[in-house]
Amino acid sequence: MKENDEYRLLNLSYFASALLMPQLELASLRDLGAQFRTAKTAALFEVVSWLRLGTELAFFPEEHANRLLAGYLDEVMPPTPQAWRDLKGLLSEQVDVLNLLEARVGETLSVRGSSEQRFDNASAILPLFRSALLLGTRIATDSRARSFTLALGFLPDVPWKELILDCKIDPNQVALAEGVGAVDASPFVPELVYAGFFRALDHMDALRYVFEDCADRESLGYDVPRLRSRVLAIVGWRFHASGKRHRFIELVEKISVDMAAEMAARGEHGSPGSEAFRDRALYLMRYWNEEEEMIAHGVSASV
Amino acid sequence: MDRPVHDLNAIKNACGSYALVSRHPETDTAVIFVHGFGGDSQATWLDFPSLIDSCSGEYPWWNTCDVFFYEYAGSRTIPIAVSAHKLLTFLRATFPEPDGSLFRFSATVPKLDGLFPSIPLRREGFKYKNLVLVGHSEGAVVIRRALIEEYKRIRDEGGLPNLRSFLTFEETQAARERIQREFLRDYPLFDAAVLLFAPAHLGATVTGWAGVLVSCLRVCSVLAPIFDGLKAYSAAYHDLKGGSPFLTQLRSDTEKFALDFPQPQAFKARSYFGEKDRIVCIGEYESDPPAVLVKNKGHLAVCKPSQSYKEPLKYVRYERERRVSAS
């Protein structure tokens, strides 16, 4: 083994225990209909993407990471050409990488020739990567956030409106839904979706926090925005606020109105709660979608 | 910058928890973080794991620590005493002698069983010398309750020496110190330094949409002004009310044990509260050193270090040094 590989194996041990195995177990459940298969494929491909990025940064020892991938290749890669096409439709930011991986499945985690930018100082960025991986693991294993992901990205328009937007929500039930463990109920119980939405906001805020906190560190240079883009390309699809941003906004508006009504009933008209919630939730959406970068490149993303 | 001093590993039998294992050969301290109401091992502490390594030049003390971010499930639905019992089980399995799986590739990967080297990175029987327990909000209560449970167990099994049986002052003083040293040698958990961020040991919590925010949002950097502005955070909404039977018992037990048996530092916790905290009642127990108020921080932000707020990295070290000097 190469120097430090023994220590880096611990990182791989964490990855296998906390992300790979739980995601494989989740994918083996028959709890979702056919229309959600793309979500399952994307969740497994997300695992591969983390492994690949971690290997590129030498967070994982390459030889052992490749061994791990080879062992589970059949289970984590899209199984059919159609699955690859669906995945490319969902992960439009990663099409180049997906094309390369599709052509070279099983060879290696280092997909040389991809259009992704390399890091200037991989060692210096490792603590940040580790934090991002921890948060990515938290997102991937969050059953409430998964309810929101499925509703936002995959529920047809009519049930989205009737089940999610038009229903009356008791906030205490949302808090209760958030507090229970993994549930067998349909992922589209409205309170679960709302709880998942708040969890999604929390995940988005967490990722923003760790990246913005490092943004001003000169020693890291462009590696911070570079890593941020790479990470968002991996996890962004879960709260696919770019493809379904109108739904995201609809939900924010509804909750904002409900919060304002509750506060008015309590006589708290001067409270900044509902307006502040709306503004900040939409800010997080724009951050998650990297819309500032889109605006800078002349693409409209007004809210 | 060199590679980070710490590597990541999952913790056996503690789902959601993780550890940062130090490469430093003089590692002798375990720091265990326990999140609060609705929190988890990651979002409650956010940049802590990152800054421990990226600021290792400024805070080299962390290099000799293994750091555990413990997670317990159902913090809103399970009684605190149950969470505390689970924490105690974890503490017994970790300190002073941690599980060996922490120091090797220990993931269960059925298809590749035996293909990964399983050589431990620490010698067999490795033991920590020091323990620091760090809790946030409800996590503080969980820690205090776990200590009380363990103390009562030892007491009921006759493990506590009788410190009141000495007749003369000199005899008492000398013997007390000796006996307490022996007690801490046998039960080093009670020699832990305990640091509490925004502890809910005097009460907390809310309902309504504000309750949803508290329950679902752990990070709240972008959303923090909502928390600070909500008038809903009044005593009327508290679940963990000051004066609840649980908190009253906890306070009474902690203060009594700290008085009866002064040497164990674990009953004397240092609390840090954000001045903007509107969720918990600010204050400390009789036996605690005075609480510290942190400017411009709220309930959630007080325990999250950042590039512009590195004090939490210092606070943890201070508490450990305070404990060492007290010993």
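Cut-offs applied
Once a new chain begins, its residue numbering starts again from 1 and follows that chain's sequence as written. Here the convention is simple: chains get letters from A, ligands get numbers from 1, in the order in which they are written. In keeping with the model being predicted, local features are shown solely for residues with a pLDDT of at least 70 and side-chain atom pairs are shown and tallied solely at 80 or more, while totals for entire chains, interfaces and linings include all residues. Processing note: side-chain calculations cover all non-hydrogen atoms of the structure and skip hydrogens and water entirely. Runs of E in the DSSP output that reach at least two residues are strands. Runs of H or I that reach at least four are helices, and both are numbered from the N terminus. Under the scheme applied here, a residue whose accessible area is under 20% of the maximum for its type counts as buried, over 50% as exposed, and between as partly exposed, the area being computed with a 1.4 Å probe on protein chains only. Residues count as neighbours in contact if any of their non-hydrogen atoms are within 4.5 Å of one another. Only the protein chains shown count as covering a residue, and every accessible area follows the Shrake-Rupley method with a 1.4 Å probe. pLDDT is defined as a per-residue confidence score from the predictor, taking values between 0 and 100. We treat two strands as partners when DSSP finds at least two bridges between them. Helix axes are fitted to C-alpha atoms over the stretch in contact, other axes to C-alpha atoms as well, and angles between N-to-C directions run from 0 to 180 degrees. Small angles under 35 degrees read as roughly parallel and large ones over 145 as roughly antiparallel, with 65 to 115 read as roughly perpendicular and the rest as oblique. For this classification, Asp, Glu, Lys and Arg are treated as charged, while Ala, Val, Leu, Ile, Met, Phe, Trp, Tyr, Cys and Pro are nonpolar and the rest, including Gly, are polar. Planes of paired rings set the category: under 30 degrees apart is stacked, over 60 is edge-to-face and the rest tilted, where pairs are Phe, Tyr or Trp rings (Trp by its six-membered ring) whose centres lie within 6.5 Å. Take the number of residues in a helix, subtract one, and multiply by 1.5 Å to get its expected span. Classification remark: right-handed applies to a crossover when, strands pointing away from the viewer, the course from the first strand over the helix to the second runs clockwise. In this scheme the crossing of two helices becomes right-handed for a clockwise turn of the near helix relative to the far one and left-handed for an anticlockwise turn of less than a right angle. Note on definitions: salt bridges are taken to be side-chain nitrogens of Lys or Arg within 4 Å of carboxyl oxygens of Asp or Glu.

Per the secondary structure count, chain A includes 14 helices and 0 strands. Overall, chain A shows an N-to-C arrangement of helices and strands of α-α-α-α-α-α-α-α-α-α-α-α-α-α. For chain A, with 303 residues in total, the buried portion stands at 59%. When contacts within chain A are restricted to residue pairs at least 6 apart in sequence, those whose partners lie at least 24 apart make up 77%. Surface exposure of chain A reaches about 12,100 Å², of which carbon and sulfur atoms provide 51%.

Now for the confidence of the model for chain B. Looking at chain B as a whole, the pLDDT averages 83, with 83% of positions reaching at least 70. In this model residues 221-239 of chain B is a low-confidence stretch, pLDDT under 50, and it forms 55 contacts with partners more than four residues away in sequence or in other chains.

Turning next to the sheet that holds strand S8 (residues 292-294) of chain B. A sheet is described by the order of its strands in space; here 8 strands give the open sequence S1-S2-S4-S3-S5-S6-S7-S8 (chain B), paired in mixed fashion. The open sheet has two edge strands with one neighbour each: strand S1 (6-10) and S8 of chain B. Neighbour-to-neighbour, the strand axes of this sheet turn through a mean angle of 20°, independent of strand direction. As judged from the 6 bridges shared by strand S3 (residues 29-34) of chain B and strand S5 (residues 130-136) of chain B, these two strands associate in the parallel manner. Across the sheet, the residue bridging to B:Phe33 is B:Val134, located in S5(B). Relative to the sheet, helix H6 (residues 122-140) of chain A contacts S1 and strand S2 (18-22) of chain B, its axis offset from that of S1(B) by approximately 15°. With respect to the sheet, helix H2 (residues 80-94) of chain B is in contact with S3, strand S4 (65-70) and S5 of chain B, its orientation differing from that of S4(B) by roughly 160°.

Attention now goes to unusual backbone geometry. Residue and element names in this part refer to chain B. Cis geometry is adopted by the peptide bond preceding Pro96, which originates at Phe95 and carries an omega value of 5°. Looking at the element boundaries, Pro96 is found in the loop between H2 and S5. Phi angles above zero are rare outside glycine, and Leu46 is one such case at about 40°. Mapping Leu46 onto the fold places it in the loop between S3 and helix H1 (48-54). Phi at Ser137 takes a positive value of approximately 55°, unusual for a residue other than glycine. Looking at where Ser137 falls in the secondary structure, it is placed in the loop between S5 and helix H3 (138-156).

Residue and element names in this part refer to chain A. For the pair helix H1 (residues 5-28) and helix H3 (residues 62-76), the least separation of the axes is 10 Å and the interaxial angle reads 10°. Put simply, H1 runs roughly parallel to H3. Contacts between H1 and H3 involve Asp5, Leu9, Leu12, Phe15, Ala16, Leu20, Met21 and Leu24 from the former and His64, Ala65, Leu68, Tyr72, Glu75 and Val76 from the latter. A class-by-class count of the residues in the contact of H1 with H3 yields 11 nonpolar, 1 polar and 2 charged.

The geometry of an aromatic ring pair is captured by the separation of the ring centres together with the interplanar angle, meaning the angle of the planes. Enumeration over the complete set of coordinates arrives at 38 aromatic pairs over all chains. On the basis of an interplanar angle of 70° and a centroid distance of 6.5 Å, the ring pair of A:Phe45 and A:Trp84 is categorised as edge-to-face. Taken together, the residues span a long stretch of sequence, with A:Phe45 in helix H2 (residues 37-56) and A:Trp84 in helix H4 (residues 81-90) at a distance of 39 residues. Aromatic pair B:Tyr151 and B:Phe190: ring centres 5.5 Å apart, planes at 75°, arrangement edge-to-face.

The next point concerns H2(A). Residues and elements named next belong to chain A. With 20 residues, H2 ought to run about 28 Å at 1.5 Å a step, and its terminal C-alpha atoms sit 29 Å apart, in line with that. Across the 20 residues that make up H2, a large majority, 18, are buried. Backbone geometry just downstream of H2 places Ala58 in the positive-phi region, at approximately 65°.

The next subject is the pairing of S4(B). Residues and elements named next belong to chain B. A large share of S4 lies buried, amounting to 6 of its 6 residues. Alignment of S2 against S4, held across 3 bridges, turns out to be antiparallel. The residue bridging Leu20 from the neighbouring strand is Val67, located in S4. With 6 bridges joining them, S3 and S4 adopt parallel strand pairing. In the sheet register, Thr29 faces S4, and the bridge partner there is Cys65. Handedness of the crossover joining S3 and S4 through H1 is recorded here as right-handed.

Let us look at the packing of H1(A) against H6(A). All names here are of chain A. As a packed pair, H1 and H6 sit with axes 10 Å apart at the nearest point and diverge in direction by 25°. It follows from the interaxial angle that H1 and H6 lie roughly parallel. Remark: the crossing between H1 and H6 carries left-handed chirality. Contacts between H1 and H6 involve Tyr14, Ala18, Leu19 and Gln23 from the former and Leu133, Leu134, Thr137 and Ala140 from the latter. Its residues assigned to classes, the contact of H1 with H6 shows 6 nonpolar, 2 polar and no charged.

Residue and element names in this part refer to chain A. When the pLDDT values of chain A are averaged, the result is 82; 82% of them are 70 or greater. Predicted confidence in chain A is weakest over helix H14 (residues 291-296), with a mean pLDDT of 61, and strongest over H6, with 94. Overall, residues 298-303 carries pLDDT values under 50, and its contacts beyond four positions in sequence, including any with other chains, amount to 10 contacts.

This brings us to the pattern of salt bridges. Residues and elements named next belong to chain A. One pass over the full model with this rule turns up 33 salt bridges over all chains. Lys254 is the salt-bridge partner of Asp258, the closest N and O atoms lying 3.5 Å from each other. Taken together, the residues Asp258 and Lys254, both in helix H12 (residues 245-265) and 4 residues apart, mark about one turn of the helix. For Asp258, a relative accessible area of 23% puts it in the partly exposed group.

Turning next to the side chain of B:Lys297. Following the sequence through the fold, B:Lys297 ends up in the loop between S8 and helix H8 (311-326). In this structure, B:Lys297 is in contact with B:Gly274, B:Glu275, B:Lys276, B:Asp277, B:Val302 and B:Tyr309, ignoring residues within four places of it in sequence.

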